[in-house]
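Close look at the chain arrangement
For reference, the chains in residue letters:
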Amino acid sequence: MARVGKVTWKTALFRSIFGGRKSAPAKKEPAMPQVKPRTKASAPPKLGPSIQNAPAVIVKTPTLSGHDLLRSFGTGGHKTYAIQNVSVELQKNEMNLLMGPSGSGKTTLLAVLSALLRPCGGRVTALGHEIWQMNNQQLEQFRLKHCSYVFQGFNLFPALTAREQLEIVLKWGEGANTREARKRADEVLGQLGLGSKMHLRPAQMSGGEKQRVAIGRALVKNPSFLFADEPTSALDWENGQQVIQLLNDVARKRGSTVLVVTHDPRLMPYADNIFHMADGKLCVEQECTEIVDLAPVPSAYSAYHPAMMPHGPHIAGGGSPLFHSSARFQAGPRLMLKDPAFSGQ
């Protein structure tokens, strides 16, 4: 029988199929001693006193912004520019006023920023999305979910009562049941002084009552953005103050971004920012009068807000078109001397 070395071919075949003999166990090498990792963290590098005492930097991201906005009406030689190269940034938890003479482009700018009117140029960014890149269905969903509006012409349903005007927003917009919708509607109407008028239809209401219902319809939704066009124009002092306080609460307590087009100086002490428009542009230094600190208080202003009389508002007319917050309780908000509320003062 042939051998393969000292192993026969049968043995080689058998081993190739079933394995060979068990070899003697290999000697174990002595285990190396394990070194435990250090658990104590090393001390961080010491910072210099100038770095340690430096204040924290908080960078705010605007919830709503418009960049280089352009909107025109008409064609050819009849083209008119309502807004031209307007840029603005609005923050959460702030109430912003947009002021200026009639025909200056205030309402057009509000409509463009609020996803109601498509601009001819520029872009609008809301909650991180460019809204004018959306299709019509996406725009409708965005407005339904995030926006509330107070129109100058009320836009109430003639056949619905004051309570039903608010309920329909909650039922159709949020899918609220009848009980929840009625509870929230009654609460807002009560805050607006309409608790005894909630069964009335628009034809049975005064102009001020219609305005308050329209405002209530916007507030009941708890919106991310609230856009209002002259919300206090038809209201007396007492009811106007209630509406102003509600608008302020929407920004401060509910975290909304509020933009109000107004001529009413009663809103000024509550505003975080006041933007002034003229001829379709936000006012810049060359177009406005110079800054006047601690100016005499105009009678139109002091009559509305007596607590501000000792120092008066901070009347400003220049600088960046993106006006920053001011010390409302020290020098009042930033006002523009060209505003009609102060004409003749």
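The rules we used
Residues numbered from 1 in each chain as written. Predicted model: local features only at pLDDT ≥ 70, side-chain atom pairs only at ≥ 80, totals over all residues. Heavy atoms only, no water. 1 Å grid on protein atoms, 1.4 Å probe; cavity = no way out; pocket = protein on both sides within 12 Å on 5 of 7 lines; lining within 4 Å. Points joined across faces, edges and corners; volume = space filled by probe spheres on them. Helix = DSSP H or I, 4+ residues; strand = E, 2+ residues; numbered from the N terminus. Nonpolar A, V, L, I, M, F, W, Y, C, P; charged D, E, K, R; others polar. Pairing = 2+ DSSP bridges. Contact = heavy atoms within 4.5 Å. Axes fitted to C-alpha atoms, helices over the stretch in contact; angles between N-to-C directions. Phe/Tyr/Trp six-rings, centres within 6.5 Å; stacked < 30°, edge-to-face > 60°. Buried < 20%, exposed > 50% of the residue type's maximum accessible area, 1.4 Å probe, protein only. pLDDT = per-residue confidence, 0-100. Salt bridge = Lys/Arg side-chain N within 4 Å of Asp/Glu carboxyl O. Core = buried A, V, L, I, M, F, W, Y, C linked by side-chain atoms within 4.5 Å. Parallel < 35°, antiparallel > 145°, perpendicular 65-115°, else oblique. Left-handed = near helix turned anticlockwise from the far one by under 90°.

Our next topic: the layout of surface pockets. As a volume, the largest pocket reaches approximately 510 Å³. Residue lining of the largest pocket: 17 residues in total, with Leu144, Tyr149, Val169, Arg217 and Lys221 positioned closest to the centre. Of all the elements in the fold, those that place two or more residues in the lining of the largest pocket are α4 (136-146), β8 (147-150), α5 (162-174) and α7 (207-219). Tallied by class, residues from the lining of the largest pocket come to 9 nonpolar, 4 polar and 4 charged.

Attention now moves to the sheet that holds strand β6 (residues 121-126). Strand order in the open sheet formed by 4 strands is β4-β3-β6-β7, with antiparallel pairing between adjacent strands. The sheet is open, and its two edges are formed by β4 (80-90) and β7 (129-130), each paired on a single side. The sheet contact formed by strand β3 (residues 64-73) and β4 spans 7 bridges and is antiparallel. Residue pairing across strands places Arg71 opposite Ile83, the latter belonging to β4. On the sheet, helix α3 (residues 106-113) packs against β3, β4 and β6 and is oriented at approximately 125° with respect to β3.

Attention now goes to the packing of aromatic side chains. In the structure shown here, the tally under the stated rule is 4 aromatic pairs. Aromatic pair Phe142 and Phe225: ring centres 6.4 Å apart, planes at 35°, arrangement tilted. Residue Phe142 is found in helix α4, and its partner Phe225 is found in strand β9 (residues 225-229); the two are separated by 83 residues along the sequence. Take Phe142 and Phe225: they sit in the same class, and that class is buried.

Looking now at the side chain of Gln91. You can see Gln91 is positioned in the loop between β4 and β5 (94-99). The exposure class of Gln91 is buried, given its relative accessible area of 13%. Setting aside residues no more than four positions away along its own chain, Gln91 makes contact with Lys60, Thr61, Pro62, Thr63 and Thr257.

With that settled, consider the environment of Glu174. If you trace the backbone, Glu174 turns up in helix α5. Among the residues examined, Glu174 registers a relative accessible area of 40% and is labelled partly exposed. Each C-alpha atom, one on Glu174 and one on Leu144, is 8.7 Å from the other, the two residues being 30 residues apart in sequence. Once residues lying within four places of it in the same chain are set aside, the contact partners of Glu174 are Val169, Arg184 and Lys221.

Below, the discussion takes up empty space enclosed by the protein. Counting across every chain of the model gives 1 cavity of 30 Å³ or more. Reported here for the largest cavity is a volume of approximately 40 Å³. In this structure, the largest cavity is lined by Val88, Leu90, Leu98, Leu109, Leu113, Leu259, Phe275 and Leu282. Mapped by element, the contributors of at least two residues to the lining of the largest cavity are β4 and α3.

Looking at the protein chain as a whole, its pLDDT mean stands at 74, while 65% of the residues score no less than 70. Every residue in residues 4-26 is under pLDDT 50, and counting partners more than four places away or in other chains gives 12 contacts. Every residue in residues 285-345 is under pLDDT 50, and counting partners more than four places away or in other chains gives 138 contacts.

Going through the model one piece at a time under the given rule, you end up with 7 salt bridges. Its salt-bridge partner being Glu180, residue Arg184 comes within 3.4 Å of it at the nearest N-O pair. Here Glu180 and Arg184 lie together in helix α6 (residues 178-191), a separation of 4 residues that amounts to about one turn. Residue Glu180 is classed as partly exposed on the basis of its relative accessible area, which comes to 37%. Among the salt bridges present, the one from Arg252 reaches Asp272, with a minimum N-O distance of 2.9 Å. Pair noted here: Arg252 is in helix α8 (residues 237-252) and Asp272 is in the loop between β10 (257-261) and β11 (273-278), with a separation of 20 residues, a long-range link. We classify Asp272 as buried; its relative accessible area is 9%. Here the salt bridges share partners, and the residues they tie into one network are Glu174, Glu180 and Arg184.

What follows is about the nonpolar core. The biggest cluster of nonpolar side chains holds 40 residues, and the ones touching the most others in it are Leu97 and Leu226. For this core, the secondary structure elements donating two or more residues are β5, α5, α6, α7, β9, α8 and β10. Considering each element in turn, this core owes the most residues, 6 residues, to α8. Leaving out residues up to four positions away in the same chain, Leu226 has contacts with Ser148, Ala218, Leu219, Leu247, Val250, Thr257, Val258 and Leu259. The next biggest cluster of nonpolar side chains, apart from the first, holds 28 residues, and it includes Val88, Leu90, Leu109 and Leu110.

Another point: the packing of α5 against α6. Contact geometry for α5 and α6: axes closest at 9 Å, N-to-C directions at 135°. Between α5 and α6, the angle falls in the class oblique. Crossing hand, α5 versus α6: right-handed. Seen from α5, the contacting residues are Ala162, Arg163, Leu166, Glu167, Leu170, Lys171 and Glu174; seen from α6, they are Thr178, Ala181, Arg182, Arg184, Ala185, Asp186, Val188 and Leu189. Residues that form the contact of α5 with α6 fall into these classes: 7 nonpolar, 1 polar and 7 charged.

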